[in-house]
Amino acid sequence: ADKDVKDIRNLIESGSKVLLSNSGNIAPALYPEYIRSLLKANGEITTMDIPESDIFDGIEPLETRYLNNNKRESPSVISGAYRINRNPNVEALASFIQIHGYLSGDVNDRMKRLDQIKGFPIVKITDKGAVLLSEIRFEKATTDPVAAKLLVNMLIDLIK
């Protein structure tokens, strides 16, 4: 697996563009300097942090919630979110917060707690090439038009 991760990184560093979907812990192994860890979550809501990004073309802000797959289950949008280190090479395109409620304590306590429960399910890292890391539930693209549009937009973004 280490060799595979190195091969993917070399591919990106040689100028290729890659979509890595639902990769789990591969992303932190691939870019440990940018991706600290993966927050595992079946999130129902994700928020566009950079709505002007091409990957959101034709998608309204409230449409990135509740992706449907016509099954009797929670309409989750993501399978996880990345905890990132801010860097000019890293674009956090969408975010997710695990709980609904209040953060308590002083500012530092609240910031530490938020770091535990917040992540970014769509992250673009630009090197000589680029990688789009996505934890969007693209298996729903056959039944949910927003999931399909997002997948197509990501592929178009990478071939530009």
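Cut-offs used in this document
- Residues numbered from 1 in each chain as written.
- Predicted model: local features only at pLDDT ≥ 70, side-chain atom pairs only at ≥ 80, totals over all residues.
- Heavy atoms only, no water.
- Buried < 20%, exposed > 50% of the residue type's maximum accessible area, 1.4 Å probe, protein only.
- Helix = DSSP H or I, 4+ residues; strand = E, 2+ residues; numbered from the N terminus.
- Pairing = 2+ DSSP bridges.
- Expected span 1.5 Å × (residues − 1).
- Arc of directions from axis to C-beta.
- Contact = heavy atoms within 4.5 Å.
- Polar contact = N/O pair within 3.5 Å; in protein donor to acceptor, adjacent residues only side chain to side chain.

J.: Whenever I open this one, the pairing of strand S7 (residues 130-134) confuses me. Can you help?
T.: Note on strand geometry: in a regular strand, side chains alternate between the two faces of the sheet. Counted residue by residue, S7 has 5 buried out of 5 residues, so it is predominantly covered. Burial along S7 is two-sided: Ala130, Leu132 and Ser134 facing one way and Val131 and Leu133 facing the other are all buried. For strand S1 (residues 17-21) and S7, the ladder comprises 5 bridges, and the chain directions are parallel. From the neighbouring strand, Val18 faces S7, where its bridge partner is Val131. Looking at chain direction, strand S6 (residues 118-126) and S7 are connected through 5 bridges and run antiparallel. By the bridge assignment for S7, Lys124 is matched with Leu132. Between the antiparallel neighbours S6 and S7 lie 3 residues.

J.: Could you clarify how one ought to interpret unusual backbone geometry in this entry?
T.: Most peptide bonds take the trans form, and the phi angle of most residues other than glycine is negative. With a phi angle near 45°, Asn22 is a residue other than glycine that sits in the positive phi range. By relative accessible area, Asn22 is classed as partly exposed at 33%. In this structure, Tyr66 is a non-glycine residue whose phi angle is positive, near 55°. Along the chain, Tyr66 turns up in the loop between strand S3 (47-48) and strand S4 (78-84). On the accessibility criterion, Tyr66 (42% relative accessible area) is partly exposed.

J.: Could you clarify how one ought to interpret the pairing of S4 in this entry?
T.: Within S4, 7 of the 7 residues are buried, leaving the element largely enclosed by the surrounding structure. Examined bridge by bridge, strand S2 (residues 35-43) and S4 share 6 bridges and lie antiparallel to one another. Of the residues in S4, the one forming a bridge with Leu39 is Ala81.

J.: For this particular structure, what's the right way to read helix H4 (residues 145-159)?
T.: Residues spaced three or four apart along an α-helix point in a common direction, a consequence of the helix completing one turn every 3.6 residues. With 15 residues, H4 ought to run about 21 Å at 1.5 Å a step, and its terminal C-alpha atoms sit 21 Å apart, in line with that. Burial in H4 covers these residues: Val146, Ala147, Leu150, Asn153, Met154, Asp157 and Leu158. The arc that holds every buried residue of H4, seen down its axis, measures 130°, which confines them to one face. Set apart from the buried face of H4 by more than 90 degrees, the exposed residues are Pro145 and Ile159. Buried residues in H4 make contact with S1, S6 and S7. Capping of H4 at its N-terminal end is provided by Asp144; its side-chain oxygen lies 2.9 Å from the backbone amide nitrogen of Val146.

This is a description of form; function is not addressed.
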